[in-house]
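What the coordinates show
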Amino acid sequence: MTFTLQDPSLLRAQAYIDGQWQDADSGSHFAVYNPASMSTIAQLADLGATETTRAITAAETALVDWRERSAKERSQYLRRWYELIMEHQEDLALIMSAEQGKVLEESRQEVAYGASFIEWFAEEAKRIYGDVLPGAADRRLLVTKHPVGVVAAITPWNFPNAMITRKAGPALAAGCTIVIKPAAETPLSALALAELADRAGIPAGVINVVTGQDARAIGQALTDSPAVRKLTFTGSTPVGKQLLRQSADTVKKVSMELGGNAPIIVFADADLDQAVAGALASKYRNAGQTCICANRILVQSSIHDAFIDKFVAAVAKLELGDGLSDSSTLGPMISPRAATNVENMVADAVANGAAVALGGERALALGECFYPATILSNVSSDMRVFREEIFGPVAPVFRFEDEAQAIAMANDTEFGLAAYIYTQDMARIWRVSERIEYGMVGVNEVGITSEIIPFGGMKESGLGREGSKYGIEDYIETKYICIGGLGA
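Below: a short report on this structure. Here the structure is a predicted model, which means the values were calculated and not measured.

Here helix α1 (residues 49-66) is 18 residues long and its end C-alpha atoms lie 25 Å apart, about the 26 Å a rise of 1.5 Å per residue gives. Along α1, the residues that are buried comprise Glu51, Thr52, Ala55, Ile56, Ala58, Ala59, Ala62, Leu63 and Trp66. With its buried residues spanning 165° around the axis, α1 presents them on a single face. Of the residues in α1, the exposed ones pointing more than 90 degrees away from the buried face are Thr50 and Thr61.

Applying the stated rule across the entire model yields eight aromatic pairs. Measuring from ring centre to ring centre gives 4.8 Å for tyrosine 16 and tryptophan 21, while their planes differ by 45°; the resulting arrangement is tilted. Each ring, one from phenylalanine 386 and one from phenylalanine 398, has its centre 5.2 Å from the other, and the planes form 75°; the classification is edge-to-face. Of this pair, phenylalanine 386 sits in helix α12 (residues 384-387) while phenylalanine 398 sits in strand β16 (residues 394-400); the two residues are twelve residues apart in sequence, bridging distant segments of the chain. For the residue pair phenylalanine 386 and phenylalanine 398, the accessibility class agrees, reading buried in each case. Put simply, the rings of Tyr284, Phe307 and Phe311 pair up and form one aromatic cluster. Across the ring face of tyrosine 475, the terminal group of lysine 230 is positioned such that the distance to the ring centre comes to 4.7 Å.

Tallied over the full model, the rule gives 29 salt bridges. Here aspartate 25 makes a salt bridge to arginine 54, at a shortest N to O gap of 2.9 Å. Of the two residues, aspartate 25 sits in the loop between β2 (20-22) and β3 (29-34) while arginine 54 sits in helix α1, which places them 29 residues apart along the sequence. A relative accessible area of 32% means that arginine 54 is categorised as partly exposed. In this structure, the salt-bridge partner of arginine 79 is glutamate 83, at a minimum N-O distance of 3.5 Å. Pair noted here: arginine 79 and glutamate 83 are both in helix α2 (residues 71-87), with a separation of four residues, about one helical turn.

Thresholds applied
Counting starts from 1 at the beginning of each chain's written sequence and moves along it residue by residue. This being a predicted model, a pLDDT of at least 70 is required before a residue's local features are given, and a value of 80 or more before pairs of side-chain atoms are given or counted; all residues contribute to the totals for chains, interfaces and linings. Note that water and hydrogens are dropped before the side-chain values are worked out from all heavy atoms of the structure. What counts as a helix is a DSSP run of H or I of at least four residues, what counts as a strand is a run of E of at least two, and both are numbered from the N terminus. Expected span, for any helix, means 1.5 Å times one less than how many residues it has. Exposure categories follow from relative accessible area, calculated using a 1.4 Å probe and restricted to protein chains: below 20% of the type maximum is buried, above 50% is exposed, and the middle band is partly exposed. Arc definition: it is the arc formed by the directions from the helix axis to the C-beta atoms. Only the six-membered ring of Trp is used, alongside the rings of Phe and Tyr, when aromatic pairs are assigned; centres must lie within 6.5 Å, and planes under 30 degrees apart are stacked while those over 60 apart are edge-to-face, with the rest tilted. Geometrically, a charge over a ring is one whose NZ (Lys) or CZ (Arg) sits within 6 Å of the ring centre while staying within 35 degrees of the ring normal. Any Lys or Arg side-chain nitrogen found within 4 Å of a carboxyl oxygen on Asp or Glu counts as a salt bridge.

Keep in mind these numbers describe shape, not what the thing actually does.
And the structure:
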């Protein structure tokens, strides 16, 4: 399917550096594809380390003025940016569905979700408070807050709008400037946001977007630069670990939102219909390509079969198709490679004794990137679908006998981002919520994210928090000032 924008100027193909739209120095380009049809949407400027260094210089230069502006003034810029994003919600959703594949309704929701971070941090800009600490009578002990400096943001393809705004919002609010490296699969959403930031009047150099296929070279330039004082990354744990190593030499402040292996634990006393609806919403959002989606569904043995029956009936109603079609409720995966990886994980499970309750075969008649909603039963902890992040529309359902086993199974992973519990027992809610090792826990609810909550994980799922009043702290340096000689 094709798409038509109300404002075609939002579809940009050049990088955005120092307030200017720029091609690569070499003149080279790379293609951005629609995963539903594998047709080319646009040819993007293919930048590398040299242009990235230029973007860092632009951000460093702009920092001098931006950090000195009042919090109220920065807030006004952000507020205008938020308003423009919401005014162009439909066009931004169309761009996202075209390059990323998610269904239009999900794209619309993501644009609003992403905008909410700009709105939230527009307000938080005016609430970065210092302190006066109690001390001796002849001195004053002051604590002041300052922007950390130039920020490098490396963002993923699965949420190409919100993963940018969740970083740029607090950075700009705190008085930092930013260089953004969007995923090569989905740069168009980032560039559309930059276009709207430009229209909002945000000064040149405050926001820079570097597009390119060579993520390693661009990432190295960002981590090597002493001018970059903060690195924020959303993506896989192995890449996050590499970026941490590269950031060590310049001792950068870092935020890492990494992989997940989220369990949904369904106890026998749960509202079964509510649990089925929650599992469906969590697992199949964005074709299962989310870091907090249900990766393992743990169901108490006494209700296991009833859960499977209801779950299969509900999931079978999903309509697989092009994300740009309003009739689709499940879109393609991001690439043929991603679909192949999911195909291999299902094959591994089946070879080791799992049963396919629904789906299980690639939908090649629709295209290379399509994999149907799949449910696996009779799965065990020695299968890849238990150990690895599936990142696709496959739901493995596991049995457990009692609360202790459920907790042990949930914690049997190096990850600790999000987890979900379904039970009506209040005492169990407290026990399980506190004993599972996850940064975020949803109880009888899977829609746990918003701009007002601290998003982040434990263990190898990352460092720091995004969103909420806590999210701006990662973009701030705390300074202590002691003023003596004040005695009479």
